[in-house]
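# Results of the structural survey
Listed here are the chains, written in short residue letters.
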Amino acid sequence: MRSEIEGKADFEQIRYAQLWEDADVLNRALGHRPGARLVSICSAGDNALAMLLLDPERVIAIDLSAAQVACLHLRIAMLRRLDHGEFLELMGSRPSERRASLLDRASADLPERDCSFWRSQKDAIVAHGLGGIGKFERYFRLFRQVFLPLVHSQKTVADVFRSRPGPERETFMRQRWNSWRWRLLLNVFFSNFTMGRLGRDPAFFDHVEGSAAQHVARRIEHAAIDLDPADNPYLHWILTGRHGRALPLAWRPEHYDTIRSRLDRLDVRHSPLEDVIAGGQRFDGFNLSDIFEYMSLVVFENVYGSILAAAEPQARLVYWNMMVPRRVPISFRDRVRTLSDIEISGKAQDKAFFYSDFVVEEVLP
Ligand SMILES: C[S@@+](CC[C@H](N)C(=O)[O-])C[C@H]1O[C@@H](n2cnc3c(N)ncnc32)[C@H](O)[C@@H]1O
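Here goes a summary of the coordinates provided. (Residues numbered from 1 in each chain as written. Predicted model: local features only at pLDDT ≥ 70, side-chain atom pairs only at ≥ 80, totals over all residues. Heavy atoms only, no water.)

### Examining the overall build of the chain
The helix and strand tally for the chain stands at 18 helices and seven strands. Taking 365 residues into account, the globule formula puts the C-alpha radius of gyration at 21 Å, and the chain, at 20 Å, falls close to it. Each principal axis of the C-alpha distribution contributes one length, and for the chain these read about 55 × 50 × 40 Å. Every one of the 365 residues in the chain was classed for burial, and the buried ones make up 61%. Carbon and sulfur atoms form 51% of the exposed surface of the chain, whose accessible area is close to 15,000 Å². Charge separation in the chain, taken as the distance between the mean sites of 49 positive and 49 negative side-chain charges, equals 4 Å. (Helix = DSSP H or I, 4+ residues; strand = E, 2+ residues; numbered from the N terminus. Rg over C-alpha atoms; globule rule 2.2 N^0.38 Å. Buried < 20%, exposed > 50% of the residue type's maximum accessible area, 1.4 Å probe, protein only. Areas by Shrake-Rupley, 256 points an atom, 1.4 Å probe, with all protein chains shown as cover. Lys, Arg positive; Asp, Glu negative; His and termini not counted. Charge placed at Lys NZ, Arg CZ, Asp CG, Glu CD.)

Right, here's the structure in full:
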């Protein structure tokens, strides 16, 4: 089955060089699943790696973009050949003067096609780290380097990540961050128009209603007041271009060896999800990223039905929405139950603040 978005967007380049969906929230929603067979949209690969921490029998990571699949293959090679400190340097979480040689070392065993792709990305990786070279990250970089300095000093930005109690975070946001310049910047930079052109492919906005800026403003308040920014790797990268003390789940030192020891449980496929779920295998859990947002309602309903056909009883479907509302279609409401408690706590803890909804549905026995 040809995927609808395949015909619309340009997948020649890396769109997401790191995962902008919170893997802590994802793994809690999937639940600890020893021996399970799981499916994950690949994107940059970090959440498929994080899912290995659930001790599954297999994680099939799927993407219809060759560039995104290459991101996961390189991560696997890095885990095999680099130590944790080197991994963080090459990713860009930490400053580094030796990314070129780390990249050469990590990619040495990759097929020539991958090596030549990574050679073409080398300058960007040296400058920004592997986690900084996608279209989405370039959009954040433009924001951080060109626009943010017009609004806030480096000192104010650094101050965001000083750990303080909730009420003080609120005072900081109201008194120091939320200036009229900041509000103006939000409205211009996160307009549907700008995001469509710079951050996401305009085709992804075909189904969007409402203003991206309003969503982002609400979600930033949540990330900066309800949660502690010092614990938020996503916010840290957006505002500073690297990580502080907090890291995404799969990049944390305490998980490095576990993930490394389970790499043979990963099955990476360059394919539309639709083809893999039609292959006759059954699965216990699905990380569906926010792919349903990119589909028309009719296609969404079809794909949802195919996922249910490939799902074991009690399998969980976990996915996000940014601006397009997508939940179990009416025709399948008697086949799944919504795990509202997990959704509510997931939304409350979600450190990646672009999404307006987080959905966890469980297939009925
Ligand atoms: C939906 S996008 C969202 C990215 C995400 N918000 C992040 O933080 O990485 C993730 C990936 O899904 C892939 N994708 C979209 N529709 C797909 C489909 N039907 N089958 C396989 N991959 C798909 C895209 O190529 C992209 O790499």
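### A few points about the packing of helix H8 (residues 135-147) against helix H11 (residues 180-189)
Helix-helix packing is characterised by the crossing angle of the two axes and by the distance between the axes. The interhelical angle for the contact between H8 and H11, taken along N-to-C directions, is 145 degrees, at an axis separation of 13 Å. For the pair H8 and H11, the crossing hand works out as right-handed. Along its contact with H8, which presents Tyr139, Leu142, Phe143 and Phe147, the element H11 presents Trp182, Leu185 and Phe189. Across the contact of H8 with H11, the residue classes break down as seven nonpolar, no polar and no charged. (Axes fitted to C-alpha atoms, helices over the stretch in contact; angles between N-to-C directions. Left-handed = near helix turned anticlockwise from the far one by under 90°. Contact = heavy atoms within 4.5 Å. Nonpolar A, V, L, I, M, F, W, Y, C, P; charged D, E, K, R; others polar.)

### With respect to the pattern of salt bridges
Overall, the coordinates contain 26 salt bridges when judged by the stated rule. With a shortest N-O distance of 3.4 Å, Arg37 and Glu312 are connected by a salt bridge. Of this pair, Arg37 sits in strand S1 (residues 37-41) while Glu312 sits in strand S5 (residues 311-321), and the two are 275 residues apart along the sequence. When the shortest N-O distance is used, the salt bridge between Asp257 and Arg260 registers 3.4 Å. A residue pair is termed a helical-turn pair when its members lie 3 or 4 positions apart in one helix, as Asp257 and Arg260 do in helix H15 (residues 253-261) at three residues. Taking the relative accessible area as the measure of exposure, Asp257 reaches 53% and is therefore exposed. Through salt bridges with shared partners, a single network forms among Asp22, Asp24, Arg252 and Lys351. (Salt bridge = Lys/Arg side-chain N within 4 Å of Asp/Glu carboxyl O.)

### Re the site of the ligand
The environment of the ligand is formed by 22 residues, the closest being Trp20, Ser43, Asp63, Leu273 and Tyr355. Separating a nitrogen atom of the ligand from a side-chain N or O atom of Glu21 is a distance of 2.9 Å. One nitrogen or oxygen atom from the side chain of Glu274 is found 3.0 Å from a nitrogen atom belonging to the ligand. Burial of the ligand by the protein amounts to 99% of the accessible area it has alone, namely 580 Å². The residue inventory of the shell around the ligand, partitioned by class, reads 12 nonpolar, six polar and four charged. (Near = heavy atom within 4 Å. Polar contact = N/O pair within 3.5 Å; in protein donor to acceptor, adjacent residues only side chain to side chain.)

### Some details on the packing of aromatic side chains
As enumerated under the stated definition, the model contains 20 aromatic pairs in all. Ring centres of Phe283 and Phe286 lie 6.0 Å apart, and the angle between their planes is 75 degrees; on these two criteria the pair is classed as edge-to-face. Of the two residues examined, Phe283 and Phe286, each falls in the buried class. Ring centres of Phe292 and Tyr304 lie 6.1 Å apart, and the angle between their planes is 40 degrees; on these two criteria the pair is classed as tilted. Residue Phe292 is found in the loop between strand S4 (283-287) and helix H17 (297-309), and its partner Tyr304 is found in helix H17; the two are separated by 12 residues along the sequence. Neither residue differs from the other here; Phe292 and Tyr304 are each classed as buried. Through successive ring pairs, a cluster of aromatic residues spans Tyr16, Trp20, Phe136, Tyr139, Phe140 and Tyr234. Over the face of the ring belonging to Phe172 we find Arg164, whose NZ or CZ atom lies 4.5 Å from the ring centre. (Phe/Tyr/Trp six-rings, centres within 6.5 Å; stacked < 30°, edge-to-face > 60°. Lys NZ or Arg CZ within 6 Å of the ring centre and 35° of its normal.)

### Side note on a nonpolar patch on the surface
Together, Trp180, Leu184 and Val188 make up a nonpolar patch on the protein surface, roughly 350 Å² of accessible area in all. Under the relative-accessibility criterion, Trp180 is labelled exposed at 58%. (Patch = residues over 30% accessible without salt bridge, like charges linked within 9 Å, V, L, I, M, F, W, Y side chains within 5 Å.)

### Some details on unusual backbone geometry
Residues other than glycine predominantly adopt negative phi, and peptide bonds predominantly adopt the trans conformation. Although it is not a glycine, Ser43 adopts a positive phi angle of roughly 50 degrees. Structurally, Ser43 can be placed in the loop between S1 and helix H2 (46-51).

### Section: the nonpolar core
Membership of the largest hydrophobic core comes to 96 residues, with the highest contact counts inside it found for Trp20, Trp118, Leu239 and Phe354. Examining the composition of this core, we find that 10 residues originate from one element, helix H3 (residues 66-81), more than from any other. With near-sequence residues (within four places) excluded, Trp20 lies in contact with Phe136, Glu137, Phe140, Tyr234, Trp237, Ile238, Ala352, Phe354 and Tyr355. Membership of the second largest hydrophobic core comes to 28 residues, among which are Leu288, Phe300, Leu308 and Ala311. (Core = buried A, V, L, I, M, F, W, Y, C linked by side-chain atoms within 4.5 Å.)

### Examining helix H5 (residues 99-107)
Restricting attention to buried positions, one finds in H5 the residues Arg99, Leu102, Leu103, Ala106 and Ser107. Here the buried residues of H5 occupy an arc of 115 degrees about the axis, which is enough to place them on one side. Buried residues along H5 sit in contact with H3, helix H4 (84-91), helix H6 (112-120) and helix H7 (122-128). (Arc of directions from axis to C-beta.)

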